[in-house]
Amino acid sequence: MSLKDRTVIVTGAGSGIGRGIAELLAADGARVVIAEIHEHNGAAVAEEIRRQGGVAEFIPTDVASEASVNAMVSQAVARFGSLYGLVNNAGIAGSQCEAEAMPTEEWDRVHAVNLRGAFFCARAAIPHMKRFGKGSIVNIASVHAQFSFAGWAHYDSSKGGLVSLTRTLALENGPHQIRVNTISPGYIDTPLWDAWLAQQPDAAEIEAGTRSWHPLRRRGTPADIAKAARFLLSDDSEWITGINLVVDGGLSIRYFGR
Ligand SMILES: NC(=O)c1ccc[n+]([C@@H]2O[C@H](COP(=O)([O-])OP(=O)(O)OC[C@H]3O[C@@H](n4cnc5c(N)ncnc54)[C@H](O)[C@@H]3O)[C@@H](O)[C@H]2O)c1
């Protein structure tokens, strides 16, 4: 399942799931581009990968900015000569607020990063993947694409949109051997999970309950998602495109009961 010497961009790789993905891909021999808005974290992850003997480059990026994304992709190709993979991982939760009271700016802020950002990155990357002869794009959505919490219309709809975007991009680019797939993680221990939890009135109860919500009796780790991303990026999944791979410890299969 080797990605040796293939260039892969991972957005939001300065923290959490993105960091886990970047580290695993680099350990597998990929040349990893850390496209991250938080400069200190992005630089630190690239530095740590290089210290471990991997190949990584930090390129400061705001995925919500078309100009920033286009510049990042050009810089990545100039640095490594080609582009094979893209992981659209950068995402924000936004503030909890029912739709009736949600400010337009808050809706736009979440969609600009989670959905429009993924579109910008894919659009800029695809011509380079065509030139390489094949490619793989992995979009990190969420189980919130399938089920919802009150107060998260912006987040849930951005993730549902990402699952749809995946299918359209897969159709358009299949003939060029560019595969596009979604991973929908369940609850993963990261700073984003902590921020989401902090907004819940019953945070302590949720924190205690989340283990039993999962048939596998634990929340996920960035490594759980990284292993799925590595599979969807590698040639081991070469006849898989357009799917939504739910990686959630079984969280979403329960309708009711134990
Ligand atoms: N943690 C979970 O439980 C969970 C569950 C399902 C889906 N997800 C999704 O996984 C992805 C990663 O989440 P995480 O939990 O690792 O969060 P995180 O907050 O730990 O990491 C997100 C990273 O994205 C970066 N980022 C934010 N805005 C950006 C922008 N405009 N441009 C570039 N980078 C930007 C942040 O600086 C941060 O480094 C997100 O898309 C999130 O929606 C997370």
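My aim in this report is to walk through the structure given alongside it, one point at a time. None of the values given here were measured: they were computed from a predicted structure. All residue numbers refer to positions counted from 1 along the written sequence of the respective chain. Totals for whole chains, interfaces and linings use all residues, but because this is a predicted model, local features are given only for residues with pLDDT of at least 70 and pairs of side-chain atoms are given and counted only at 80 or more. Only hydrogens and water are set aside; all other atoms, that is, all heavy atoms of the structure, feed into the side-chain values.

**A word on the packing of helix 3 (residues 66-80) against helix 4 (residues 104-132)**
Right, so step 1: Axis lines are fitted through C-alpha atoms, for helices just across the contact stretch, and the angle between N-to-C directions can take any value from 0 to 180 degrees. The helix and strand labels rest on DSSP assignments: H or I over at least four residues marks a helix, E over at least two residues marks a strand, and numbering proceeds from the N terminus. Where helix 3 contacts helix 4, the axes come no closer than 9 Å and their chain directions differ by 30 degrees. In this view, helix 3 runs roughly parallel relative to helix 4, as classed from their interaxial angle. Of the two possible hands of crossing, helix 3 and helix 4 adopt the one that is right-handed. Here Glu66, Val69, Asn70, Met72, Val73 and Val77 of helix 3 come into contact with helix 4, specifically with Phe120, Cys121, Arg123, Ala124, Ala125 and His128.
Right, so step 2: When residue character is reported, Ala, Val, Leu, Ile, Met, Phe, Trp, Tyr, Cys and Pro are called nonpolar, Asp, Glu, Lys and Arg charged, and the others, Gly included, polar. Counted by class, the contact of helix 3 with helix 4 contains eight nonpolar, two polar and two charged residues. The cut-offs work like this: below 35 degrees is roughly parallel, past 145 is roughly antiparallel, 65 to 115 is roughly perpendicular, and the gaps in between are oblique. Crossing chirality is assigned from the near helix's rotation relative to the far helix, an anticlockwise turn below a right angle marking it left-handed and a clockwise turn marking it right-handed. Any two residues whose heavy atoms approach within 4.5 Å at even a single point are treated as in contact.

**Regarding the nonpolar core**
Right, so step 1: Remark: nonpolar core denotes a set of buried residues (Ala, Val, Leu, Ile, Met, Phe, Trp, Tyr, Cys) joined through side-chain atoms within 4.5 Å. Burial here depends on accessible area, computed with a 1.4 Å probe over protein chains only, as a share of the maximum for the residue type. Under 20% is buried, over 50% is exposed, and the range in between is partly exposed. Grouped together as the largest cluster of nonpolar side chains are 32 residues, with contacts concentrated most on Ile9, Val33, Met72, Leu86 and Ile137.
Right, so step 2: Those elements giving two or more residues to this core turn out to be strand 2 (31-36), helix 3, helix 4, helix 5 (153-173) and strand 6 (178-185).
Right, so step 3: Here the element with the most residues in this core is helix 4; it accounts for nine residues.
Right, so step 4: Setting aside chain neighbours within four positions, we find Ile9 in contact with Val33, Ala35, Met72, Val73, Ala76, Leu83, Gly85, Leu86 and Val87.
Right, so step 5: In this structure, Leu25, Ile49, Val87 and Ala229 belong to the second largest nonpolar core, which totals 30 residues.

**Describing the site of the ligand**
Right, so step 1: For each residue, the test is whether any non-hydrogen atom lies within 4 Å of the molecule or strand; if one does, the residue is near. With respect to spatial proximity, 28 residues lie near the ligand, and among them Ser15, Glu36, Asn89, Tyr155 and Thr190 are the closest.
Right, so step 2: Polar contact is defined as a pair of N or O atoms within 3.5 Å, subject to the rule that within protein one atom must be able to donate a hydrogen and the other to accept it, and that residues adjacent in sequence are counted only when both atoms are side-chain atoms. Take Ser15: an N or O atom from its side chain is 2.6 Å from an oxygen atom of the ligand.
Right, so step 3: Thr190 is positioned such that a nitrogen or oxygen atom in its side chain is 2.5 Å from an oxygen atom of the ligand.
Right, so step 4: The protein chains shown are the only cover counted for residues, whose accessible areas, like all others here, come from Shrake-Rupley with a 1.4 Å probe. Considered on its own, the ligand offers 830 Å² of accessible surface; in the complex 92% of this is hidden by protein.
Right, so step 5: Every element with two or more residues in the shell around the ligand is listed here: helix 1 (16-27), helix 5 and helix 6 (191-198).
Right, so step 6: The class makeup of the residues in the shell around the ligand is 14 nonpolar, eleven polar and three charged.

**Focus: the side chain of Arg31**
Right, so step 1: Among the structural elements, Arg31 can be located in strand 2.
Right, so step 2: In this structure Arg31 is buried but unpaired, with Asp5 as the nearest side chain of opposite charge at 5.2 Å.
Right, so step 3: The contacts of Arg31, once residues within four sequence positions are left out, are Asp5, Arg6, Thr7, Val8, Val55, Phe80 and Ser82. Two residue types count as positive, namely Lys and Arg, and two as negative, namely Asp and Glu; His and chain ends fall outside the count. For this analysis, a salt bridge means a side-chain nitrogen from Lys or Arg found within 4 Å of a carboxyl oxygen belonging to Asp or Glu.

**Side note on the sheet that holds strand 5 (residues 135-140)**
Right, so step 1: As summarised here, the arrangement of the seven strands in space is 3-2-1-4-5-6-7, forming an open sheet in which the pairing is parallel. This sheet does not close on itself; its edge strands, each paired only once, are strand 3 (55-60) and strand 7 (244-247). Averaged over all adjacent pairs, the angle separating strand axes in this sheet is 20 degrees, with direction ignored.
Right, so step 2: Of the strands in this sheet, strand 2 and strand 3 are in contact with helix 2 (residues 39-51), which crosses strand 3 at around 170 degrees. We call two strands paired when DSSP finds no fewer than two bridges between them.

**Some remarks on unusual backbone geometry**
Only a minority of non-glycine residues have a phi that is not negative, and only a minority of peptide bonds are not trans.
Right, so step 1: One non-glycine residue, Gln177, lies in positive phi territory at about 60 degrees.
Right, so step 2: Turning to its location among the elements, Gln177 is positioned in the loop between helix 5 and strand 6.
Right, so step 3: Phi is positive for Arg217, close to 60 degrees, though the residue is something other than glycine.
Right, so step 4: Here Arg217 shows up in the loop between helix 7 (203-213) and helix 8 (222-233).

**Regarding the pattern of salt bridges**
Right, so step 1: If you walk through the whole model with that rule in mind, you get twelve salt bridges.
Right, so step 2: Taking the shortest distance from any N to any O, the salt bridge between Arg50 and Glu47 comes out at 3.3 Å. With Arg50 and Glu47 both in helix 2 and three residues apart, the pair spans about one turn of that helix.
Right, so step 3: A relative accessible area of 38% means that Arg50 is categorised as partly exposed.
Right, so step 4: Notably, a salt bridge pairs Arg109 with Glu106, separated by 3.0 Å at the nearest N-O pair. Here the residue Arg109 and the residue Glu106 both occupy positions in helix 4, the gap between them amounting to three residues, near one helical turn.
Right, so step 5: Note on Glu106: relative accessible area 12%, which makes it buried.
Right, so step 6: Each member of the salt-bridge network shares a partner with another, and the members are Arg6, Lys134 and Asp235.

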